[in-house]
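Here is how the chains run, residue by residue.
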Amino acid sequence: MADKLGRYRSKRDADRTPEPIPAEPPTPGDGTAFVIQEHHARSLHWDLRLERDGVLVSWAVPKGLPGDPGTNHLAVRTEDHPMEYLGFHGEIPKGEYGGGTMTVWDAGTYETEKWSEREVTFVLHGKRASGRFVLFRTRGQNWMIHRMDGPAREPFPSAEPMRPVERARLPRDVAAYAFEFAWGGHRLLVPVEGGRTTAARAHPWLRGLAESFGSRTAVLDGEIVPLGGTEVLVCYDLLYDDGRSLVGEPFTARRAALEALEVAGARWQTAPSWPGEARPVRQAAREQGLPGVVAKRLDSPYEPGPSKAWLFIPS
């Protein structure tokens, strides 16, 4: 019988990679384990591995598992992996096959409903991944993965950002507002899905931000601002988080969800926000040469276009 791990071994050198490389052919078995690994290689993807006949039958899924039945994702069949890969994580050296960081995204058991050369139907039982899926072959090593159950994911919100209207004076009921700097930058909504963002077409450096989200979906609202001679994305609102639209939520809930994401990096950051602190924030904006401040009503939903719930007050 052919060694199912022959192709796996041929691509790896035990002296150069920390990956498990068993010396002996696999022992057939009828286990039901699965693992999904997040793989930051040449391009971010997720590796889905299902135990079958003593090995882990594997597919690389560039955008991760689909979140709802309305979307199919590409899944590329790769070589079978050894059972030791169920718990493997670590750094595969640059220049080696699959070089990059690999972490275990989820693991558990699965049930097989159908297994053929062209179609695999299965049910996952994991902490993060669960439900009924089907893999179906399209051409060569290219397959598609389809979720067969679960609710439809809410669609991404409107692409038009909420904009403040200008007022000469601060609002009287300052306790009803959060106050933020008006940055005077280029407004940008950043949709993130499958570790990628269309905003990277104009700003390639945002690819790193999208990859940092892993499989989490989001739509960030912010501005591209030149700070210290470098363009930085300053984020101050969150319209969508992990399959759920937040546009109908009050500003306080959206702000809490944004802060929970901990968006922070060399070229992206979460803008500060100060509820009720009108005059100190306006004074700080003057001192830093910023255009002014934006007062955002704490109870306001996200309203695309100009809205009186957001007020721009010049410095």
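Residues numbered from 1 in each chain as written. Predicted model: local features only at pLDDT ≥ 70, side-chain atom pairs only at ≥ 80, totals over all residues. Heavy atoms only, no water.

**Q** Before we go on, may I ask you to explain the side chain of His81 in this structure?
**A** Within the secondary structure, His81 sits in the loop between strand S4 (72-77) and strand S5 (90-92). Side-chain polar atoms of His81 contact the side chain of Arg12, separated by 3.5 Å. At a separation of 2.8 Å, a polar atom in the side chain of His81 contacts the main-chain carbonyl oxygen of Glu79. Once you skip the residues sitting within four places of it in the chain, His81 turns out to touch Leu5, Tyr8, Arg12, Arg49, Val55, Leu56 and Ser58. (Helix = DSSP H or I, 4+ residues; strand = E, 2+ residues; numbered from the N terminus. Polar contact = N/O pair within 3.5 Å; in protein donor to acceptor, adjacent residues only side chain to side chain. Contact = heavy atoms within 4.5 Å.)

**Q** Please explain the pattern of salt bridges as it appears in this structure.
**A** When the charged atoms of two side chains lie near each other, side chains of opposite charge can form a pair. Going through the model one piece at a time under the given rule, you end up with 20 salt bridges. With a closest N to O distance of 3.0 Å, Arg12 and Glu79 form a salt bridge. Pair noted here: Arg12 is in the loop between helix H1 (6-10) and strand S1 (33-40) and Glu79 is in the loop between S4 and S5, with a separation of 67 residues, a long-range link. As far as the burial class goes, Arg12 and Glu79 line up, both buried. Here Arg16 ties to Glu96 by a salt bridge, and the two come within 3.1 Å at their closest N and O atoms. (Salt bridge = Lys/Arg side-chain N within 4 Å of Asp/Glu carboxyl O. Buried < 20%, exposed > 50% of the residue type's maximum accessible area, 1.4 Å probe, protein only.)

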